[in-house]
Amino acid sequence: MADDDAISGTDDRVVIGVIGLGYVGLPLAVAAADAGLGVIGFDVNEARVDALNAGHSHVEDVSDDALATCLASGARFTTSRDALRDATALIIAVPSPLGRNREPEMAYIASAADTVSEVVQPGMVVSLESTTYPGTTEDYLVPAVERAGLVLDEDVYVCFSPERVDPGNVLGTTGIPKVLGGVTAASGEAGAALYRRFIDEVHVVSSARAAELTKLIENTYRAVNIALINELTQLTEPMEVDVWEVIDAAATKPFGFQAFYPGPGVGGHCIPLDPQFLAWRARELHVSTRFIDLAEDINLHMPDYVVGRITSMLNAASLPLRGTPILGVGVAYKPDVMDDRESPSIDVLAKLGGQGADIHVLDDLVGPERIREHGFEPVAGDDLGDRRFPLAIILTNHSGIDYDAVAACADVVLDCRGVYGRSHAARPGHVVRL
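Everything quoted here is computed from the prediction, not taken from an experiment.

### Here's the deal with the pairing of strand β7 (residues 178–182)
In terms of residue burial, β7 counts as a mostly covered element, since five of its five residues are buried. Of the strand pairs in this sheet, strand β6 (residues 157–160) and β7 are connected by two bridges, and their pairing is antiparallel. Residue pairing for β7: Cys 159 is matched across the bridge by Gly 182. Between the parallel pair β7 and strand β8 (residues 202–205), the chain is carried across by helix α8 (residues 185–195), and the sense of this crossover is right-handed.

Now the structure itself:
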């Protein structure tokens, strides 16, 4: 039987083995160490592990000071799978991207399952956090335990607990409620006992599949509602109605409405990807996902709509797209982070640059090196007073940007994020809302 005391926390032997030290795994490791648990962090990236052991964090939400405290507590980071044998629980936080045809790419989870089969020991809880399709935990982790010659719920407990990382969120890893479902009820209880050692609130569902689907429905809900507003934006522009004003008016209703706002598309590591895990699983089950498919189509083509608006605005000013200097403000996928994964802002600017526009970018968080990697010319905020652009586009609404300076340096501004106030009177006359 598993050592229930170690799992529930009635002794001090809990050691968390974290497989994957990216934007999910590293904050988890730090949170566990802060709660007084032992931590062994494993990653196949040797340079990443060396940097972590030297006290240098690559994750925006984990400061070097927080990492130093983690290391001082005895946490260790390694590329050795064998080190994980010393853990009493394993948490898998590896990437789960989509393939070229929008199908789940399972290589990272399969590799992590192989690692589990090599190192899993009696008494362990094994939890998967990587976003994936319902059924993954049973398909990959239960067989991994069985390959090790161990018995589910007798030797090892297996569960799924979806990551809910929100970069920049002050709640952090421990303050965001954790959903968890076991492959069996006993595994769910053991997994919940483990996470309650370092997470403030754990919500247990009936199965791993329910937990897997919970993650997907959270972000599918957001994707569908964002797509609805993006579609309405394309309708209200020819109607000469301000969609932002309409949304704010609708939001005064105290029931039955949640405000979502338009933008140049959707980005990041969740909203553009997670609904496709659900759509892929549905296709396997011969079930159509019309809402999901339509939402993806609208959101994927929102950058094209923005480019069309920009082209029309330049035409109205008798300017060609080719050769015209354009200032893009913000290329991160969301405000106040440096993460530009799946950013629609980059899509917009790349499409404009592909048609010959001279693209300059203001985003001090993402930084000049990364901006140049995308093929754009960086502009520092302090230099705006010396520059002049026929057009500026607000693509990501970082709070640290001087939007008055942006408006002053541009002949016309397309505001895709609503940063210039909620009324016409509050906006400069040359600022146009998306």
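### Brief notes about unusual backbone geometry
Trans is the common state for peptide bonds, and a negative phi is the common state for residues other than glycine. A positive phi is found at Asp 153, a non-glycine position, where the angle reads about 70°. Considering the arrangement of structural elements, one finds Asp 153 in the loop between α6 (136–147) and β6. The class of Asp 153 is buried, set by a relative accessible area of 19%. A positive phi is found at His 286, a non-glycine position, where the angle reads about 60°. Here His 286 is to be found in the loop between α11 (274–284) and α12 (290–300). The class for His 286 is exposed, based on a relative accessible area of 75%.

### Focus on the sheet that holds strand β10 (residues 358–362)
Across the sheet, which stays open at both edges, the six strands sit in the order β11-β10-β9-β12-β13-β14 with parallel pairing between neighbours. Lying at the two open borders of the sheet, with one neighbouring strand each, are β11 (377–378) and β14 (431–433). Where β10 and β11 come together, two bridges link them in parallel fashion. Paired with His 360 across the strands is Glu 377, a residue of β11. Helix-sheet contacts for helix α13 (residues 302–316) involve β9 (325–329), β12 (389–394), β13 (410–415) and β14, and the interaxial angle to β13 is about 155°.

### Some details on the nonpolar core
Counting 36 residues, the largest nonpolar core has Ile 16, Leu 26, Phe 77, Val 125, Tyr 195 and Phe 198 as its most contacted members. At the level of elements, β1 (15–19), α2 (25–34), α3 (46–53), α4 (64–72), β4 (89–92), β6 and α8 are the ones that each hand at least two residues to this core. Among the elements that line this core, the one with the most residues is α2, at seven residues. Sequence-distant contacts of Tyr 195, that is, excluding residues within four places in its chain, are made with Ile 91, Ser 127, Glu 129, Ser 161, Lys 178, Leu 180 and Val 202. Core analysis: the second largest hydrophobic core is formed by 33 residues, Met 124, Leu 128, Tyr 133 and Val 158 among them.

### Here we look at the pattern of salt bridges
Applying the stated criterion across every chain, the model contains 19 salt bridges. For Asp 82, the salt bridge is made with Arg 85, and the minimal N-O distance between the two is 3.5 Å. Judged by its relative accessible area of 37%, Arg 85 falls in the partly exposed class. Look at the salt bridges and you will find they share partners, linking Glu 163, Lys 215 and Asp 274 into a network.

### Examining the state of the cysteines
Considering all chains together, one arrives at zero disulfides under this definition. The cysteine Cys 159 is free of any disulfide, with Cys 270 supplying the nearest cysteine sulfur at 19 Å.

### Some words on the packing of α13 against helix α14 (residues 344–354)
Interaxial distance between α13 and α14 falls to 9 Å at its minimum, and their mutual angle equals 45°. Between α13 and α14, the angle is such that the two are oblique. α14 is crossed by α13, and the crossing has right-handed handedness. Taken together, the residues of α14 that come into contact with α13 (itself represented by Pro 303, Asp 304, Val 306, Val 307 and Ile 310) are Pro 344, Asp 347, Val 348, Lys 351 and Leu 352. Class assignment for the residues of the contact of α13 with α14 results in seven nonpolar, no polar and three charged.

### Some thoughts on the environment of Thr 137
With respect to the secondary-structure elements, Thr 137 resides in helix α6. Given the relative accessible area of 0%, Thr 137 is considered buried. As for Thr 137 and Leu 213, which are separated by 76 residues in sequence, their C-alpha atoms are 12 Å apart. Not counting residues within four places of it along the chain, the set of residues in contact with Thr 137 comprises Leu 128, Val 142, Val 158, Cys 159, Phe 160, Val 183, Ala 208 and Glu 212. Reaching out from Thr 137, the side chain makes a polar contact with the side chain of Glu 212 at a distance of 2.6 Å.

### Section: α11
Burial of α11 is extensive: eight of the eleven residues sit out of reach of the surface. Listed in full, the buried residues belonging to α11 are Asp 274, Pro 275, Gln 276, Phe 277, Leu 278, Ala 279, Arg 281 and Ala 282. Looking at the buried side of α11, the elements it contacts are α9 (208–239) and α12. Remark: His 286 follows α11 within two positions and exhibits a positive phi of approximately 60°.

### Concerning the packing of α2 against α4
Axis angle and axis distance: for two packed helices, these are the angle between their axes and the distance between the axes, and together they describe the pair. In contact at an axis separation of 9 Å, α2 and α4 are set at 55° when each is read in the N-to-C sense. In terms of orientation, α2 and α4 fall into the oblique class. Our pair here, α2 against α4, has a crossing hand that is left-handed. Taking contact as the criterion, the partners of Leu 26, Ala 29, Val 30, Ala 33 and Asp 34 in α2 are, on α4, Ala 66, Leu 67, Thr 69 and Cys 70.

### Let's talk about the packing of aromatic side chains
The final tally for this structure, using the stated rule, is five aromatic pairs. Measuring from ring centre to ring centre gives 5.8 Å for Tyr 221 and Phe 260, while their planes differ by 70°; the resulting arrangement is edge-to-face. Taken as a pair, Tyr 221 in helix α9 and Phe 260 in the loop between α10 (243–250) and α11 lie far apart in primary sequence, 39 residues in all. The exposure class assigned to Tyr 221 is partly exposed, which follows from its relative accessible area of 40%. Given the relative accessible area of 10%, Phe 260 is considered buried. Look at Trp 244 and Tyr 261: their rings are 5.9 Å apart centre to centre, the planes differ by 15°, and that puts the pair in the stacked class. Residue Trp 244 is found in helix α10, and its partner Tyr 261 is found in the loop between α10 and α11; the two are separated by 17 residues along the sequence. Here Trp 244 falls in the buried class, since its relative accessible area comes to 2%. Here the guanidinium or amino end of Arg 341 rests over the ring plane of Tyr 23, the centre of that ring lying 4.3 Å away.

Cut-off values and rules
Residues numbered from 1 in each chain as written. Predicted model: local features only at pLDDT ≥ 70, side-chain atom pairs only at ≥ 80, totals over all residues. Heavy atoms only, no water. Buried < 20%, exposed > 50% of the residue type's maximum accessible area, 1.4 Å probe, protein only. Helix = DSSP H or I, 4+ residues; strand = E, 2+ residues; numbered from the N terminus. Pairing = 2+ DSSP bridges. Right-handed = clockwise from strand over helix to strand, strands pointing away. Contact = heavy atoms within 4.5 Å. Axes fitted to C-alpha atoms, helices over the stretch in contact; angles between N-to-C directions. Core = buried A, V, L, I, M, F, W, Y, C linked by side-chain atoms within 4.5 Å. Salt bridge = Lys/Arg side-chain N within 4 Å of Asp/Glu carboxyl O. Disulfide = S-S within 2.5 Å. Parallel < 35°, antiparallel > 145°, perpendicular 65-115°, else oblique. Left-handed = near helix turned anticlockwise from the far one by under 90°. Nonpolar A, V, L, I, M, F, W, Y, C, P; charged D, E, K, R; others polar. Polar contact = N/O pair within 3.5 Å; in protein donor to acceptor, adjacent residues only side chain to side chain. Phe/Tyr/Trp six-rings, centres within 6.5 Å; stacked < 30°, edge-to-face > 60°. Lys NZ or Arg CZ within 6 Å of the ring centre and 35° of its normal.

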